[in-house]
Amino acid sequence: MQPVYHLVYLVFPKPDHPKYGALDGAFASCWVKEPRIERADHTARSFLEESRWDIEKPGEVQEVTTESCPLGAEGRDHFEQANTEGMVCVLYAWPPSV
């Protein structure tokens, strides 16, 4: 079975992003099914760039397995979706400060 990697990035909307000005930033939690971490990172970064996010810095990176993410565990649904579809990216965004 091909590995699934969970990668987290701190991202900010680019000026041409549809929610620029309405969002200040986000944590992008990407679950990517790729044979190597380098390819998973490239896939996630490409998706975020195409979605008009600037990547400030990478954060947590881990390989996820059925043993490390058992049924009922937080993120299990994203793990299963990545296994089926190849990738899922969840954004946890916040509005600008007043």
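Residues numbered from 1 in each chain as written. Predicted model: local features only at pLDDT ≥ 70, side-chain atom pairs only at ≥ 80, totals over all residues. Heavy atoms only, no water.

S.K.: Summarise the overall build of the protein; cite the residues concerned and give the values.
M.R.: On a plain count of helices and strands, the protein comes out with two helices and four strands. Taken from N to C terminus, the helices and strands of the protein fall in the order β-β-α-β-α-β. Taken against the 2.2 N^0.38 rule, which gives 13 Å for 98 residues, the C-alpha radius of gyration of the protein at 14 Å falls within 12% of a compact globule. With respect to the three principal axes, the spread of C-alpha positions in the protein is 45 × 25 × 20 Å. Here the protein holds 98 residues, and the buried ones make up 38% of them. Put simply, of all contacts in the protein between residues at least 6 apart along the chain, 73% involve residues at least 24 apart. When the accessible area of the protein is evaluated, it comes to approximately 6000 Å², of which 52% is carbon and sulfur surface. Averaged over its 9 positive side-chain charges, the protein has a centre that lies 4 Å from the centre of its 16 negative ones. (Helix = DSSP H or I, 4+ residues; strand = E, 2+ residues; numbered from the N terminus. Rg over C-alpha atoms; globule rule 2.2 N^0.38 Å. Buried < 20%, exposed > 50% of the residue type's maximum accessible area, 1.4 Å probe, protein only. Contact = heavy atoms within 4.5 Å. Areas by Shrake-Rupley, 256 points an atom, 1.4 Å probe, with all protein chains shown as cover. Lys, Arg positive; Asp, Glu negative; His and termini not counted. Charge placed at Lys NZ, Arg CZ, Asp CG, Glu CD.)

S.K.: Explain helix α2 (residues 76-85) to me, using residue names and the numbers behind them.
M.R.: Within α2, the full set of buried residues consists of Arg76, His78, Phe79, Ala82 and Asn83. Taken end-on, α2 shows its buried residues confined to a sector of 165 degrees, consistent with a single buried face. Within α2, the exposed residues directed more than 90 degrees away from the buried face are Thr84 and Glu85. Packed against the buried residues of α2 are β1 (4-13), β2 (25-33), β3 (53-64) and β4 (87-94). Taken from the residues just after α2, Gly86 is the one with a positive phi, measuring 100 degrees. (Arc of directions from axis to C-beta.)

S.K.: Report on the confidence of the model for the protein, specifying residues and quantitative values.
M.R.: Averaged over the protein, the pLDDT score is 93; the fraction of residues at 70 or greater is 99%. Put simply, β3 is where the protein has its lowest mean pLDDT, 89, and β2 is where it has its highest, 97. (pLDDT = per-residue confidence, 0-100.)

S.K.: Could you give me a rundown of unusual backbone geometry, with the residues and numbers involved?
M.R.: Negative phi values dominate among residues other than glycine, just as trans dominates among peptide bonds. Positive phi is not limited to glycine here, since Arg52 has a value of about 70 degrees. With respect to the element layout, Arg52 can be found in the loop between α1 (37-50) and β3. According to the relative accessible area criterion, Arg52 is partly exposed, its value standing at 37%.

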